[in-house]
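Fold and contact review
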Amino acid sequence: MMHLNQTLEHMKSLPPLTLAERKAGLKRLAQDIKTNQQAIADAINADFSHRSQHETRLAEIMLSLDEIHHNLKHLRRWTQPVVQHSNWKFYPSKCAIVPQPLGVVGIMAPWNYPFNLVMAPLAAAIAAGNRVMVKPSEITTQTAELIKDMLHRVFGADVVHVVTGDVEVAAAFSQLPLDHILFTGSTQVGKIIMRNAAEHLTPVTLELGGKSPVVIDAGYDLNRAARSIVSGKWFNAGQTCIAPDYILIDPKRKTALLAAIKTQFEQAYPDWNNNPDYTHIVNDQHHNRLASLLQDIPSEQVIHLTADSEQDRRFTPCLVNDPDLDSPLMQNEIFGPIMPIISSPNLEADLAFINQRARPLTLYLFSNRSSTIERIKTQTTSGSLAINDTLVQFAQEGLAFGGVGASGMGSYHGHEGFKAMSHMKPVYYQSRLNFNGLARAPFTRLKDKIINWL
Ligand code: NAD
């Protein structure tokens, strides 16, 4: 992939973006997104065979614009050096942390939110003054072409260069000597990216997936929990990295929970087979993958929430009552509209269940008791913790977003994104008059005494 290397070399030879260029670029990007909202929604809709327009407006357009505007609002302050106290023994020297662009940053995106997961990291990379190479997912081709046209039009290909192509191109992209890679995708491919990046010691931010659990505390209103779980699980038909993956529930409350979810689902998606707000599965391969997760599960354990699907890629939403924990359904991230409900008699059992497994990207807790909240907060480790709602933690620019362990490494959004895309360079300013001679050879007896005292 010779031309990728040449493109990168050329971009590396160009200076970083000035503050004025960053601001002007982000403003043009926001304007272009607003002008082309419908084209963006149409491209994603075509890629998915059907994607809810409301979901696209919220998760792709609104969230991208929010992230861009947040960067625009705080950019000037973030770029200023942050003065630090110097150690008094080195008085009157000065210290500061000076943010500096990394150079040329690579962004690799998945297909599930194919627009936002390019735009949100891009906003951070541009705000921090970098030039950027982007590799959108090869699964959502129409969106990838739209992104390419948009970013080349808004920034010019010297500032943001979009590379489209298949997995081979993605592999070559991750082998480039980039100054940083922000990768969003599966844990499995994340390992490949990190291995490839290691060749050039390219630092990585890995935004990965995993199985995000839901814990419902004893006494928490099941209808309230169900309403929020339904919107989190079936938004984008479950094809969301932070979708609730499975629910832990006291077996005594399970029947009531199943009924509450069914009711809430019917309210959210009336006339399901014709409801335009229910998104399709992105392609046949993923549809077949989801169908195969249900293949070996006895039919009496599968509770369909609707009549059978009448369209090829509209996957019938269902609950699975206490699946075998060794089944593929419980061994892999589901990433689709299937919800396992697992019996777990109390908080101790919930904690043990979660802590025996890979660290999740997010954990959802429904509870009004501070003691339960405190225990989950301190005794589990997840990329983020959301209490009494689902998904909306992603939309908070004030909260860093990222995983931990198998669910990822590093984070972005808001100021954390700016920092991830910057070298936060420590700078030390020695003053003309100082006492450092006391700590230099030759170490006389007097200096020896001073060192003892220090
Ligand atoms: P994926 O890992 O298959 O693909 C992601 C990117 O990696 C794509 O751009 C693809 O071109 C590239 N890629 C694929 N194979 C590659 C290889 N062998 N070498 C180099 N690059 C390769 O993920 P996906 O199926 O597009 O997305 C779904 C996954 O992404 C889920 O696991 C989901 O949880 C995760 N995800 C995480 C976040 C987050 O913010 N943490 C957000 C969305 C999705």
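Everything below is about the structure shown above.
Residues numbered from 1 in each chain as written. Predicted model: local features only at pLDDT ≥ 70, side-chain atom pairs only at ≥ 80, totals over all residues. Heavy atoms only, no water.

**Points about empty space enclosed by the protein**
By the definition in use, this model includes two cavities of 30 Å³ or more. Put simply, the largest cavity is a space of about 80 Å³. In this structure, the largest cavity is lined by L63, D66, E67, N116, A120, F394, A395, Q396, E397 and H413. Elements with a contribution of two residues or more to the lining of the largest cavity: α4 (53-79) and α5 (116-127). Broken down by element, the residue count for the lining of the largest cavity peaks at three residues, all from α4. Residue classes in the lining of the largest cavity are distributed as four nonpolar, three polar and three charged. Summarising the domain contributions, the lining of the largest cavity has at least three residues from each of domain 1 (2-208 + 404-427) and domain 2 (213-397). Its boundaries defined by the atoms lining it, the second largest cavity holds a volume of some 60 Å³. Lining the second largest cavity are 13 residues; nearest its centre among them are T240, A243, D245, E333 and F335. (1 Å grid on protein atoms, 1.4 Å probe; cavity = no way out; pocket = protein on both sides within 12 Å on 5 of 7 lines; lining within 4 Å. Points joined across faces, edges and corners; volume = space filled by probe spheres on them. Helix = DSSP H or I, 4+ residues; strand = E, 2+ residues; numbered from the N terminus. Nonpolar A, V, L, I, M, F, W, Y, C, P; charged D, E, K, R; others polar. Domains from an automatic or database assignment.)

**Points about the sheet that holds strand β1 (residues 82-84)**
Across the sheet, three strands lie side by side as β1-β2-β16; this open sheet has antiparallel pairing. Only two strands of the sheet have a single partner each, and these edge strands are β1 and β16 (422-429). Across the sheet, the mean angle separating the axes of adjacent strands is 30° when strand polarity is ignored. Taken together, the eight bridges between strand β2 (residues 94-101) and β16 define a ladder with antiparallel strand orientation. (Pairing = 2+ DSSP bridges. Axes fitted to C-alpha atoms, helices over the stretch in contact; angles between N-to-C directions.)

**Points about the packing of α5 against helix α6 (residues 141-155)**
Viewed as axis vectors pointing N to C, α5 and α6 meet at an angle of 20°, and their least axial separation amounts to 13 Å. As far as their axial angle goes, α6 and α5 are roughly parallel. The chirality of how α5 crosses α6 is right-handed. From α5, V118, M119, L122 and I126 reach across to α6, where they touch I147, M150, L151 and F155. Class assignment for the residues of the contact of α5 with α6 results in eight nonpolar, no polar and no charged. (Parallel < 35°, antiparallel > 145°, perpendicular 65-115°, else oblique. Left-handed = near helix turned anticlockwise from the far one by under 90°. Contact = heavy atoms within 4.5 Å.)

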